[in-house]
Amino acid sequence: IKDYTQFLSRRTLRRKPSAIRKLTPLSLIPGMISLAGGLPNPATFPFASMNVELLDGTTLSLPAAELAKGLQYSPTPGLP
């Protein structure tokens with residue numbers, strides 16, 4: 001299913017996006033520093049890396065740069 005509109009109530013369909021959320025894509029412009037969305041400085045995250053072991057024994061490793069992306073706020077529709 002690509003269009004979930006049929007499952008939404010009339011009230012939900014009348015909702016308008018938040019003005020702040022509409023600005024979020026602008027923060028993705030290289031060099032843009034946005035103070036509007038309250039995005040935390042990734043340097044303040046208390047993690048250097050993360051390793052997770054799956055039930056099948058596979059280990060997933062997230063280095064600092066990838067972890068910082070994962071812990072940061074992102075556009076509401078998600079990342080591509």
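The structure presented is a predicted model; accordingly, all values stated were derived computationally and were not measured.

Conventions we followed
- Residues numbered from 1 in each chain as written.
- Predicted model: local features only at pLDDT ≥ 70, side-chain atom pairs only at ≥ 80, totals over all residues.
- Heavy atoms only, no water.
- Helix = DSSP H or I, 4+ residues; strand = E, 2+ residues; numbered from the N terminus.
- Rg over C-alpha atoms; globule rule 2.2 N^0.38 Å.
- Buried < 20%, exposed > 50% of the residue type's maximum accessible area, 1.4 Å probe, protein only.
- Contact = heavy atoms within 4.5 Å.
- Areas by Shrake-Rupley, 256 points an atom, 1.4 Å probe, with all protein chains shown as cover.
- Lys, Arg positive; Asp, Glu negative; His and termini not counted.
- Charge placed at Lys NZ, Arg CZ, Asp CG, Glu CD.
- Pairing = 2+ DSSP bridges.
- Salt bridge = Lys/Arg side-chain N within 4 Å of Asp/Glu carboxyl O.
- Patch = residues over 30% accessible without salt bridge, like charges linked within 9 Å, V, L, I, M, F, W, Y side chains within 5 Å.

Trainee: Describe in detail the overall build of the chain, supporting the description with residues and values.
Mentor: When its secondary structure is counted, the chain shows three helices and two strands. In sequence order, the secondary structure elements of the chain are arranged as α-α-β-β-α. In terms of overall size, the chain is more extended than a compact globule, its C-alpha atoms giving a radius of gyration of 17 Å where 80 residues would be expected to give roughly 12 Å. Residue burial in the chain is summarised as follows: out of 80 residues, 8% are buried. Long-range contacts, defined as pairs at least 24 residues apart, comprise 34% of the intrachain contacts of the chain with a sequence gap of at least 6. Per element, the accessible surface of the chain, about 7400 Å² overall, is 61% carbon and sulfur. Where the 9 positive side-chain charges of the chain centre and where its 4 negative ones centre are 26 Å apart.

Trainee: Quick one: what's the story with the pairing of strand β2 (residues 59–62), residue by residue and with numbers?
Mentor: Summarising the sheet, strand β1 (residues 50–53) and β2 pair through four bridges and their orientation is antiparallel. Bridging from a neighbouring strand, Val52 pairs with Leu60 of β2.

Trainee: Can you explain the side chain of Gln72? Please cite residues and give values.
Mentor: By the secondary structure assignment, Gln72 is in the segment after α3 (64–71). Since its relative accessible area comes to 19%, Gln72 is described here as buried. Aside from chain neighbours lying at most four places away, what touches Gln72 is Leu39, Pro40, Pro42 and Phe45.

Trainee: Describe the pattern of salt bridges, naming the residues involved and giving the relevant values.
Mentor: What the rule picks out here adds up to one salt bridge. Two residues, Lys69 and Glu66, come together in a salt bridge whose shortest N-O distance is 3.7 Å. With Lys69 and Glu66 both in helix α3, this residue pair falls three residues apart, about one helical turn. By relative accessible area, Glu66 is classed as partly exposed at 39%.

Trainee: If you had to explain a nonpolar patch on the surface to someone new, which residues and values would you point to?
Mentor: Together, Ile20, Leu23, Leu26, Ile29 and Met32 make up an exposed nonpolar region whose accessible area comes to about 420 Å². By secondary structure assignment, the location of Ile20 is in helix α2 (residues 19–23). A relative accessible area of 42% places Ile20 in the partly exposed class.

Trainee: I'd love a proper account of a positive patch on the surface, names of residues and values included.
Mentor: Together, Arg10, Arg11, Arg14 and Arg15 give the surface a local cluster of positive charge. You can see Arg10 is positioned in helix α1 (residues 10–13). For Arg10, a relative accessible area of 71% translates into the label exposed.

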